Amino acid sequence: MASTGVNVLRWGALAFGVFYGFSHQSAINSRDRSAHAQHEYERKEKLIQQARDEWQRKTQPQSGSGVISNPEDPNFDLEKYLQTVKA
């Protein structure tokens, strides 16, 4: 009778292992899909930002003094801009 109990434990362990492997693989695939979607979103966001910057650069009126009038530009200098507006 001991061999019947051992066989039940073996089959139970096998079933548990198959179930665990399936659920673990499912979790890994879900995590990978989520990471891929996040990466793709960041790539598209970067492309959109580049397009906005390029459009802004093309449509920005050129001032004769060379002072940047766009406050969102990283090279924007408020003091120089106010001096040109005041003059």
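Residues numbered from 1 in each chain as written. Predicted model: local features only at pLDDT ≥ 70, side-chain atom pairs only at ≥ 80, totals over all residues. Heavy atoms only, no water.

As recorded by an unreviewed UniProt entry, the protein carries the name ATP synthase F(0) complex subunit e, mitochondrial and is attributed to Hortaea werneckii EXF-2000. A UniProt comment under Sequence similarities (unreviewed entry) is attached to the protein, and it reads "Belongs to the ATPase e subunit family." We quote the UniProt Subcellular location (unreviewed entry) comment for the protein here in full: "Mitochondrion inner membrane". (UniProt positions renumbered as here; feature names shortened; annotations may be inferred.)

Our focus in this paragraph is the environment of W11. In this fold, W11 is placed in helix α1 (residues 2–59). For the pair W11 and E42, spaced 31 residues apart in the sequence, the C-alpha separation amounts to 47 Å. (Helix = DSSP H or I, 4+ residues; strand = E, 2+ residues; numbered from the N terminus.)

Among the surface-exposed residues, W11, L14 and V18 lie close enough to one another that they form a single nonpolar patch of about 370 Å² accessible area. Note that V18 resides in helix α1. (Patch = residues over 30% accessible without salt bridge, like charges linked within 9 Å, V, L, I, M, F, W, Y side chains within 5 Å. Areas by Shrake-Rupley, 256 points an atom, 1.4 Å probe, with all protein chains shown as cover. Salt bridge = Lys/Arg side-chain N within 4 Å of Asp/Glu carboxyl O.)

Between side chains of opposite charge, pairing is possible as soon as their charged atoms come close. On inspection of all chains with the given rule, the structure shows two salt bridges. A salt bridge links R43 to E40; the shortest N-O distance between them is 2.6 Å. Within this pair, R43 and its partner E40 are both found in helix α1, separated by three residues, close to a single helical turn. Judged by relative accessible area, which is 40%, R43 ranks as partly exposed. Of the charged contacts, one joins E54 and R57 as a salt bridge, the two residues approaching to 2.4 Å between their closest N and O atoms. One end of the pair, E54, and the other, R57, are both in helix α1, three residues apart, so they sit about a helical turn from each other. What makes E54 partly exposed here is its relative accessible area of 32%. (Buried < 20%, exposed > 50% of the residue type's maximum accessible area, 1.4 Å probe, protein only.)

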